[in-house]
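Overview (structure and organization)
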Amino acid sequence: MLTVLVLAADHRAKDLIPQIETVPGVYVISQTDDSFLALARARALLPDILVIDLSARFTGDAATVIDQARQLQPPSHILVHSGDSVVGTVSPAGAVGPAPAAGSPPGLAHELARLAGDVAPPL
């Protein structure tokens, strides 16, 4: 089971949460549109994955919030999402990755399924 905390504007969360919950074994434990509150909840709830949609309200800017999320202990996977695509990733070890490679299926549900072990990583 993987737990997910979603940081996204409310209107985006209404679309994202059902996508996330289609992935077997992946559960949304919290959602907020406020980055300060999301980081506080992440410290308390310890999600496996933090989905940061760029539609959210950021205290500071998105880059600062992503950097603060990278400092969480224990660390979470971070998926940066915009539109209909994952545009960047940060592993719990701190490795920063670009969006999934061209030709791989786009989208949040696919990346979550990969993290859950249901989809093989791209070659």
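Residues numbered from 1 in each chain as written. Predicted model: local features only at pLDDT ≥ 70, side-chain atom pairs only at ≥ 80, totals over all residues. Heavy atoms only, no water.

**A closer look at helix H4 (residues 108-116)**
Within the span of H4, buried status applies to Leu108, Glu111, Leu112 and Ala113. Of the surrounding secondary structure, the elements contacted by the buried residues of H4 are strand S1 (2-7), helix H1 (10-20), strand S2 (26-32), strand S3 (49-53), strand S4 (77-82) and strand S5 (85-90). Positive phi appears at Gly117, one or two residues downstream of H4, with a value of about 90 degrees. (Buried < 20%, exposed > 50% of the residue type's maximum accessible area, 1.4 Å probe, protein only. Helix = DSSP H or I, 4+ residues; strand = E, 2+ residues; numbered from the N terminus. Contact = heavy atoms within 4.5 Å.)

**Some thoughts on helix H2 (residues 35-45)**
Every buried residue of H2 is accounted for by Ser35, Ala38, Leu39 and Ala42. Relative to the axis of H2, the buried residues are bounded by an arc of 95 degrees and lie together on one face. Away from its buried face by more than 90 degrees, H2 exposes Phe36, Arg43 and Ala44. Those residues of H2 that are buried are in contact with S1, S2 and helix H3 (62-70). Looking at where H2 begins, the residue whose side-chain oxygen comes 3.0 Å from the main-chain nitrogen of Phe36 is Asp34. (Arc of directions from axis to C-beta. Polar contact = N/O pair within 3.5 Å; in protein donor to acceptor, adjacent residues only side chain to side chain.)

**Regarding the side chain of Ser76**
Residue placement: Ser76 occurs in the loop between H3 and S4. Looking at Ser76, the relative accessible area reads 4%, which means it is buried. A polar contact of 2.6 Å, which involves the side chain of Ser76, links it to the backbone oxygen of Pro47. The residues touching Ser76, leaving out its near neighbours within four places in the chain, are Pro47, Asp48, Ile49, Leu50, Val90, Ser91 and Pro92.

**Digging into unusual backbone geometry**
Pro74 follows Gln73 through a cis peptide bond whose omega is -5 degrees. Inspection of the secondary structure puts Pro74 in the loop between H3 and S4. Even without a glycine there, the phi angle at Leu46 is positive, about 55 degrees. By the secondary structure assignment, Leu46 is in the loop between H2 and S3. The exposure class assigned to Leu46 is partly exposed, which follows from its relative accessible area of 40%.

**Structural notes on the packing of H1 against H4**
Look at H1 against H4: their axes get within 9 Å of each other, and the N-to-C directions meet at 40 degrees. Here H1 runs over H4; the crossing is right-handed. Touching Leu16, Gln19 and Ile20 of H1 are Leu108, Ala109 and Leu112, all from H4. Here the contact of H1 with H4 is built from residues that sort into 5 nonpolar, 1 polar and no charged. (Axes fitted to C-alpha atoms, helices over the stretch in contact; angles between N-to-C directions. Left-handed = near helix turned anticlockwise from the far one by under 90°. Nonpolar A, V, L, I, M, F, W, Y, C, P; charged D, E, K, R; others polar.)

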